[in-house]
Amino acid sequence: MAVAQQVFLRDAMRRLNLTREIFAARIGVKRRALDTWLLPEGSQEFRTMPEVVQRFVTEIVENQHLMEKYAQVVQTGPLRDRIAVEGKHQLLSVEQFTRESVEELFRVADQMQPIARRQKVSRVLEGAVLGNLFFEASTRTRVSFGAAFSRLGGSVCDTTGFTFSSMAKGESIYDTSRVMSGYVDVMVIRHPEQGSVAEFAKATNIPVVNGGDGAGEHPSQALLDLYTILTEFSRLGKLLDGAHIAITGDLKYGRTVHSLVKLLALYKGLKFTLIAPPGLEMPQDVIDQVAKQGNHVIEQYSELADGLKGADVIYATRVQKERFADEQMEGYTADFQINKAVVERYCAEDVIVMHPLPRDSREGAHDLSVDLNPDPRLAIFRQADNGIPVRMAIFAVLLGVENLVQHSMRDVTWSPPSHIGPEDAVFHGMY
């Protein structure tokens, strides 16, 4: 580099009219990493920025079109107003987000990390009540939302299952939503019918979060998945723009991947390889929507070997058996299992392996194999853990308390473990 790293970066921020925080978000790195790159070279904390970052920033400042794209965009008002649905502070779809707003949500999630990692506690939602309305079985999502709300000081009322609910007795969605709104301050709703959560949202003015609606969307899962990818890339010195994302499994009924690809499409120049058995391909309307955003490459395959090579991320999904007939599973064989041998054969040393969970660990299930558990490239538990800070951020933003969290924290009074699981990689310590 002809000029000092510090001078180069400061000049780029000046020309783009960006603060450190926004500049870091725009180039896809953590603020703390940028801070070390901006220090004088003689400083003990100084770090050399990765060559890929240098090339990316150079490309931006030397291209007028990119300069205009990455320059400061004036955003006014609270984030919850900018992502509102018809004026209501609700989270129903990832389509509510721009790249700027999703990265702003992630900066709130970063602030939540000390609480999520059990170093700090906060009571900013003390007195608020969450209604978890799950008309479809759930463990991870329901508990994760409840834990996130509780860690901000709120309380949780849970209900799960349809058979004995008032709706099984003939009550309408409108009546159920309106009545529950009189009891709780926020509702998280999972329902087996696509579009049903939007119906709940129409009947109330309190915040409603889509916890999954049939084969439709699962926005909070997609948000935590994107947050995980950005976090892992930051650790590896990679940028999401231009990355290769391989998504495998049941892409027809997997609502998680429907939401995730829409969010990823907010970034630039991605290569998507969509690998699914015949009959379980990604819906064409989702592909068409992604194709309209950014300069993306979309390739579809029916075999793992054709699509995994060169992938930066492998996102595996399970078969959504509850959503289709058994005869449609004929093409879902052992050849679709992501295991250590497949990863070693086709993928790079720094590939990230993800899965929304639950995975079917039984013999012959052909899902993500347990033989990858000790491998640090397997990010599924880090991914699941990230659900807490991201969902905390969602609640804080929708209820308008995100600016109070930083000053509300105090130290925990108990002693949490240094690592959550015995096989967690060293870099995934809680501290």
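Below, the structure is looked at part by part. Here the structure is a predicted model, which is why all the values come from computation and not from measurement.

### Quick word on the sheet that holds strand β10 (residues 352-354)
- One open sheet accounts for 5 strands, arranged β8-β7-β6-β9-β10; its pairing is parallel. Edge strands, defined here as strands with exactly one partner in the open sheet, are β8 (297-301) and β10. The sheet shows a mean angle of 15° between the axes of neighbouring strands, direction not considered.
- Sheet topology note: the strand β7 (residues 271-275)/β8 ladder contains 5 bridges and is parallel.

### Some details on the environment of Pro50
- Looking at where Pro50 falls in the secondary structure, it is placed in the loop between α3 (31-37) and α4 (51-61).
- Taking the C-alpha atoms as reference, Pro50 lies 11 Å from Leu34; in sequence the two are 16 residues apart.

### Observations concerning the side chain of Thr273
- In this structure, Thr273 sits in strand β7.
- Accessibility expressed as a relative area gives 1% for Thr273, which makes it buried.

### Description of the packing of helix α12 (residues 255-264) against helix α13 (residues 284-291)
- Orientation of α12 relative to α13, taken along the N-to-C sense of each, is 10°, at an axis distance of 9 Å. Considered as vectors, α12 and α13 are oriented roughly parallel to each other. Taking contact as the criterion, the partners of His258, Val261 and Lys262 in α12 are, on α13, Val286, Gln289 and Val290.
- Among the residues making up the contact of α12 with α13, the classes are represented as 3 nonpolar, 2 polar and 1 charged.

Definitions and limits used
- Residues numbered from 1 in each chain as written.
- Predicted model: local features only at pLDDT ≥ 70, side-chain atom pairs only at ≥ 80, totals over all residues.
- Heavy atoms only, no water.
- Pairing = 2+ DSSP bridges.
- Helix = DSSP H or I, 4+ residues; strand = E, 2+ residues; numbered from the N terminus.
- Axes fitted to C-alpha atoms, helices over the stretch in contact; angles between N-to-C directions.
- Buried < 20%, exposed > 50% of the residue type's maximum accessible area, 1.4 Å probe, protein only.
- Parallel < 35°, antiparallel > 145°, perpendicular 65-115°, else oblique.
- Contact = heavy atoms within 4.5 Å.
- Nonpolar A, V, L, I, M, F, W, Y, C, P; charged D, E, K, R; others polar.

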